[in-house]
Structure formats: structure tokens, C-alpha cells
Amino acid sequence: MIENKAVKSARAEEVVRLLKKEYPDSKCSLNYSNPHELLVATILSAQCTDHRVNQVLPELFNSYPSVKAFAFADLNKLSQEIYPCGYHNQKAKSIQGSSLAIMNDHGGKVPQTMEELIKLPGVGRKTANCILGECFGYPSMVIDTHMIRIMNLLQFATSKDPKKIELELMEVFNKRDWVKLTHMVIDHGRAVCIARRPQCDQCVLQDLCPSVLR
Ligand code: SF4
């Protein structure tokens, strides 16, 4: 489908309108109470469901109640505690390393810029965007597997590369919708546009989607 930018942006606006109607309460499904807890939760959520991460978090935050506690954690012990989330050794290193860097370089406070966040060990654009949008109110989009798949189906994206997709989407979606868009698309990917069996006949976006199965 060939669309000029104005037509594509108008379609994007309508997609957002319909998704907001369908998923008015969409929000981050990880449980956290401050930016550092979200950083930890997001690192744990790689290749793991938010549900499982949320099961591990209460005890974890109880054992490590501060950035400092995570920064000086025993790696083996931490690794065992996050075992159910998978990739536990790597994730433990990322959590401990990023917490130590926050203590050493940022006075114990999670930094508020993309540039500083992605310098933290184990923190990529996805985690950084999540923190910037959720905790600090910056317009940002988290490009996860649902966003990659559904934005390609909707032909707002033409790549599998999250950074390229982020730039493509920033061109067509209104800044005020960026944070909420990710959450609504994740909900849509779980409920209707399911990876192996999209339920196009029940999809509110069917008239706007070039990939609709009729
Ligand atoms: S119409 Fe089908 S492919 Fe398009 S977004 Fe909806 S469920 Fe997904």
C-alpha cells in the first residue's frame, strides 16, 4: 500500500482512537514503585512474561530495598533469586552492574536521559524508553515483539529493527500518544492480534489494516 505521510498519519490517528476506545485502561503491567524498581523489572522481563516477573518482584524488593542493596548484592545469590525469569546469570549481572553504575556515577538516582541510561550495563533502548516514558513523562515508545509484529502488519513499520521502527513510528504517530500506544498494542497483541492466529474478524482495526485476513 502506497500512502503519503498525511494519509498515513491520519490512519495512525484513527488506529489510536480505536485502540483507546478498546483498551482505555492500558498501562505498564510490571509492578514497581520507583524508577529503579522499574529498571530491575524491565531487565527481568526480557524473554519472560510480565506475569512471572511480577511474581518474583515482591520478595526481591523485600530482600533488596534500595539501589545500594542491589549494587552490592552477591551475584550468585541474586542470580538464584531471579532464576524463574530465565537468563538469570546475565540478568543478575545487568541488575547488579547497572545499580553499581547508578551509585557510582549518578548519586544513587536513575538518570533521566537516553544517552545516560543506555550506558548502564544491560540497559538498551527498550528499557530506557520504558523508564523515560513511565517514570519521567518523556514521550517515548517501547518497541517490543508485539510492536514489531503489529506495526509491520499495519504497515506503519517496514523493518524488524527496533530502532528503525521507533524512528518510523515517530514520523506518523502523535507524540502525545507514544507512551500509551505501546501498552495498547501489547494488549491488542495478547487479546486479538495474536502472533500465530490473529483474530481479524474480531479486530477493531480491520478496516484500517492492510494485512487483514478476510
Ligand atoms: S486486522 Fe488482523 S492482522 Fe490486522 S491488526 Fe487486526 S488482527 Fe492484526
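Data block above holds the structure.
Keep in mind it's a predicted model, so treat the numbers as computed, not measured. (Residues numbered from 1 in each chain as written. Predicted model: local features only at pLDDT ≥ 70, side-chain atom pairs only at ≥ 80, totals over all residues.)

## Some points on the overall build of the protein chain
Tallying secondary structure elements over the protein chain gives 11 helices and zero strands in all. When the helices and strands of the protein chain are listed from N to C terminus, the series reads α-α-α-α-α-α-α-α-α-α-α. The C-alpha atoms of the protein chain give a radius of gyration of 18 Å, which matches the 17 Å a tight globule of 214 residues would have. Overall size of the protein chain, expressed as C-alpha extent along the three principal axes, is 55 × 30 × 25 Å. Scored against the burial criterion, the 214 residues of the protein chain give a buried share of 35%. Partitioning the contacts of the protein chain with sequence separation of at least 6, the portion at a separation of at least 24 is 58%. (Helix = DSSP H or I, 4+ residues; strand = E, 2+ residues; numbered from the N terminus. Rg over C-alpha atoms; globule rule 2.2 N^0.38 Å. Buried ≥ 20, exposed ≤ 12 C-beta atoms within 10 Å, placed from the backbone. Contact = placed C-beta atoms within 7 Å.)

## A few points about unusual backbone geometry
The phi torsion at Q47 lies on the positive side, around 55°, for a residue other than glycine. Structurally, the position occupied by Q47 is in the loop between α2 (35-44) and α3 (50-63). On the neighbour-count criterion, Q47 (10 C-beta atoms within 10 Å) is exposed. With a phi angle near 60°, Q155 is a residue other than glycine that sits in the positive phi range. Relative to the helices and strands, Q155 resides in the loop between α9 (145-153) and α10 (162-172).

## Brief notes about the site of the ligand
Of all residues adjacent to the ligand, which total 14 residues, the nearest are C193, P198, C200, C203 and C209. Taken together, the residues of the shell around the ligand sort by class into 11 nonpolar, three polar and no charged. (Near = placed C-beta within 6 Å. Nonpolar A, V, L, I, M, F, W, Y, C, P; charged D, E, K, R; others polar.)

## Points about the nonpolar core
Among the nonpolar cores identified, the biggest contains 49 residues, and V40, L44, I131 and M151 are the most heavily contacted of them. Built from parts of two domains, this core gets at least three residues from each of domain 1 (5-27 + 141-208) and domain 2 (35-136). If sequence neighbours within four positions are ignored, L44 has contacts with V53, V56, I82, C85 and K91. (Core = buried A, V, L, I, M, F, W, Y, C linked by C-beta atoms within 7 Å. Domains from an automatic or database assignment.)

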